[in-house]
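Summary of the model geometry
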Amino acid sequence: IIELSFVPSLGVRIRIGGHDYDGLSHASSVPFIMVDLFNMRSITVQYHGAWMMSGAKLGEVYYRIAEKSKIHSYPAGVCPAVGVGSHLSGGGYGNLMSKYGFSVDNIVDAVVVDASGDDVADKTDEDLFIRVVLNPVARKGQVAIKAKFNALFLGDAQRLVSLMDEKFPELSQYCFGLIIKLNMIQLQKPVLTFNPYEGKKSEVSELDTPFPHRAENIYKIQHAVSWKEGVEGLDRNLDLIRKLYDYMTPFYIDLGINEIGNASYEQASSWSMKYFKGNFDRLMLVMVDPGNFFTYEQSIPSLAAASWKNRMSE
Ligand SMILES: Cc1cc2nc3c(=O)[nH]c(=O)nc-3n(C[C@H](O)[C@H](O)[C@H](O)COP(=O)(O)OP(=O)(O)OC[C@H]3O[C@@H](n4cnc5c(N)ncnc54)[C@H](O)[C@@H]3O)c2cc1C
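Residues numbered from 1 in each chain as written. Predicted model: local features only at pLDDT ≥ 70, side-chain atom pairs only at ≥ 80, totals over all residues. Heavy atoms only, no water.

Quick look at the overall build of the chain
Scanning the chain from terminus to terminus reveals ten helices and six strands. Evaluated residue by residue, the chain yields a buried proportion of 35% over its 314 residues. Restricting the contact set of the chain to residue pairs at least 6 apart, pairs at least 24 apart contribute 53%. Looking at the chain as shown, the accessible area adds up to about 19700 Å², and 58% of this sits on carbon and sulfur atoms. (Helix = DSSP H or I, 4+ residues; strand = E, 2+ residues; numbered from the N terminus. Buried < 20%, exposed > 50% of the residue type's maximum accessible area, 1.4 Å probe, protein only. Contact = heavy atoms within 4.5 Å. Areas by Shrake-Rupley, 256 points an atom, 1.4 Å probe, with all protein chains shown as cover.)

Below you can see the structure in the form of structure tokens.
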């Protein structure tokens, strides 16, 4: 499989849990070979932490930790079928994030393997960003006590809106606009979930990990629809979620993705600068994948990094 995947016309896609929102682990407009990491799933729980292989699922991580301790866990997502490697590289938010930050904030060491199977973590330059990722991120050393309430409001909508106006004026305006729109379209089934981005994760700098969306972001908003009717319900529910997306589109920016093939620095930076912000250039310089073996719709182009590096040194 690995030999075949060096054929230029074939892409390579990596999959663990298959929960990629854009389906990028298992769908592409080019033919590809899928490397499924489901056999790389060992988890070793130690006194101060745990070594997890990339292909383990979050549910397995929680289970293995719970076998050893009833009072420890790992701050990560709520879906047990999501893969460790893919989850941690995208930030990772969950029920413990107010106190412990994102999953990526709690990585203290990692083995990074290149396309030929060599561990390259120790071979990268000392000043490169990857070294920052592989070391514990800075903490402010403050102790804070926080009370968090999940509440069900028992009054009517008008009372809720005026209460929110008083306590959370900006959020209230935003939600009120949404409620009007959503009432108008009577979607009923699709769900908008607001995940608050506050607490510990805001104390970590944008530059400490590749995931930069911290203090200035108040919410992550998820759109979801689920159904029990199997394929029978597919068209109807896809239609509902697409309607919701259409109504929400004016509030969002579509970041875009790489052109298929080797994206140039200019093309990749058009979306990556918004996603990775100031970390994009630093991530390109890490050069863990100089041959661009793992290139895909959301990868950071290493070859472009090489020419960009040359331009910089000139
Ligand atoms: C129902 C549902 C619930 C979710 N809940 C949460 C949540 O509570 N908290 C949260 O933070 N997120 C949540 N997510 C988002 C989820 O964490 C991400 O979509 C994650 O990337 C999915 O990982 P996966 O292994 O399941 O998906 P996959 O589709 O297998 O992989 C996701 C992406 O990561 C890439 N990838 C896989 N393995 C590696 C690797 N070893 N190295 C580099 N890249 C790799 C894949 O190529 C793909 O592009 C949820 C998603 C869904 C669908």
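Looking at the site of the ligand
The environment of the ligand is made up of 21 residues, and the closest members are Ile14, Ile16, Ser25, Ser54 and Ser86. Separating an oxygen atom of the ligand from a backbone N or O atom of glycine 83 is a distance of 3.0 Å. Out of a free accessible area of 970 Å², the ligand has 78% covered by protein chains. For the shell around the ligand, the secondary-structure elements that each account for two or more residues are β1 (11-15) and α2 (84-89). (Near = heavy atom within 4 Å. Polar contact = N/O pair within 3.5 Å; in protein donor to acceptor, adjacent residues only side chain to side chain.)

Looking at helix α1 (residues 58-68)
Of all the positions in α1, only Leu58, Val61 and Ile65 are classed as buried. All buried residues of α1 project into a common sector of 55° when viewed along the axis, lining one side. Those residues of α1 that are buried lie in contact with β3 (43-45), β4 (50-52) and α2. (Arc of directions from axis to C-beta.)

Considerations on the environment of isoleucine 257
Mapped onto the elements of the fold, isoleucine 257 is located in the loop between α7 (234-248) and α8 (265-275). Given a relative accessible area of 44%, isoleucine 257 falls into the partly exposed group. Those residues in contact with isoleucine 257 that sit more than four places away from it in its chain are Gln267, Trp271, Glu297 and Gln298.

Details of the side chain of histidine 223
Here histidine 223 is to be found in strand β6 (residues 219-224). Within polar-contact distance, the side chain of histidine 223 engages the side chain of tyrosine 252 at 3.0 Å.

Quick notes on the confidence of the model for the chain
With 74% of its residues at a pLDDT of 70 or more, the chain has an overall mean of 77. Put simply, helix α4 (residues 129-133) is where the chain has its lowest mean pLDDT, 41, and β3 is where it has its highest, 97. Contacts of residues 126-152 to residues separated by more than four positions or lying in other chains number 47 contacts, the stretch itself having pLDDT below 50. (pLDDT = per-residue confidence, 0-100.)

Structural notes on unusual backbone geometry
Outside of glycine, negative phi angles account for most residues, and trans bonds account for most peptide bonds. With phi around 50°, lysine 277 is a residue other than glycine that occupies positive phi space. Considering the arrangement of structural elements, one finds lysine 277 in the loop between α8 and α9 (280-286).

Some points on the nonpolar core
In this structure, Val61, Tyr74, Val84 and Phe102 are the most contacted members of the largest nonpolar core, which totals 19 residues. Secondary-structure elements contributing two or more residues to this core are β3, α1 and α2. If one sorts the elements of this core by residue count, α1 sits on top with three residues. Here tyrosine 74 is in contact with Met52, Val61, Tyr62, Ile65, Leu88, Leu96, Ser103, Asn106 and Ile107, once residues within four sequence places are set aside. (Core = buried A, V, L, I, M, F, W, Y, C linked by side-chain atoms within 4.5 Å.)

A short note on the pattern of salt bridges
Scanning the entire structure with this criterion turns up nine salt bridges. A salt bridge links glutamate 206 to lysine 277; the nearest nitrogen and oxygen atoms lie 3.2 Å apart. With glutamate 206 in the loop between β5 (191-196) and β6 and lysine 277 in the loop between α8 and α9, this residue pair connects regions lying 71 residues apart in the sequence. Linking lysine 277 and glutamate 216 is a salt bridge whose minimum nitrogen-to-oxygen distance equals 2.5 Å. Of this pair, lysine 277 sits in the loop between α8 and α9 while glutamate 216 sits in the loop between β5 and β6; the two residues are 61 residues apart in sequence, bridging distant segments of the chain. Among the charged side chains, a salt-bridge network with shared partners connects Glu206, Glu216 and Lys277. (Salt bridge = Lys/Arg side-chain N within 4 Å of Asp/Glu carboxyl O.)

Structural notes on the environment of glycine 49
Residue placement: glycine 49 occurs in the loop between β3 and β4. Residues glycine 49 and isoleucine 65 lie 16 residues apart in sequence; the distance between their C-alpha atoms is 9.3 Å.

Topic: the packing of aromatic side chains
Inspection of the entire model under this criterion finds five aromatic pairs. Relative to phenylalanine 276, the ring of tryptophan 271 has its centre 6.4 Å away and its plane inclined at 50°; by these criteria the two rings are tilted. Exposure class is identical for tryptophan 271 and phenylalanine 276. Each is buried. Within the aromatic cluster, the residues linked to one another by ring pairs are Trp271, Tyr275 and Phe276. Sitting above the plane of the phenylalanine 32 ring, arginine 13 keeps its charged end 5.7 Å from the centroid. (Phe/Tyr/Trp six-rings, centres within 6.5 Å; stacked < 30°, edge-to-face > 60°. Lys NZ or Arg CZ within 6 Å of the ring centre and 35° of its normal.)

Looking at a nonpolar patch on the surface
Residues Trp51, Val111 and Val113 make up a contiguous nonpolar surface patch of roughly 270 Å² in combined accessible area. Relative to the assigned elements, tryptophan 51 resides in strand β4. With a relative accessible area of 38%, tryptophan 51 lands in the partly exposed category. (Patch = residues over 30% accessible without salt bridge, like charges linked within 9 Å, V, L, I, M, F, W, Y side chains within 5 Å.)

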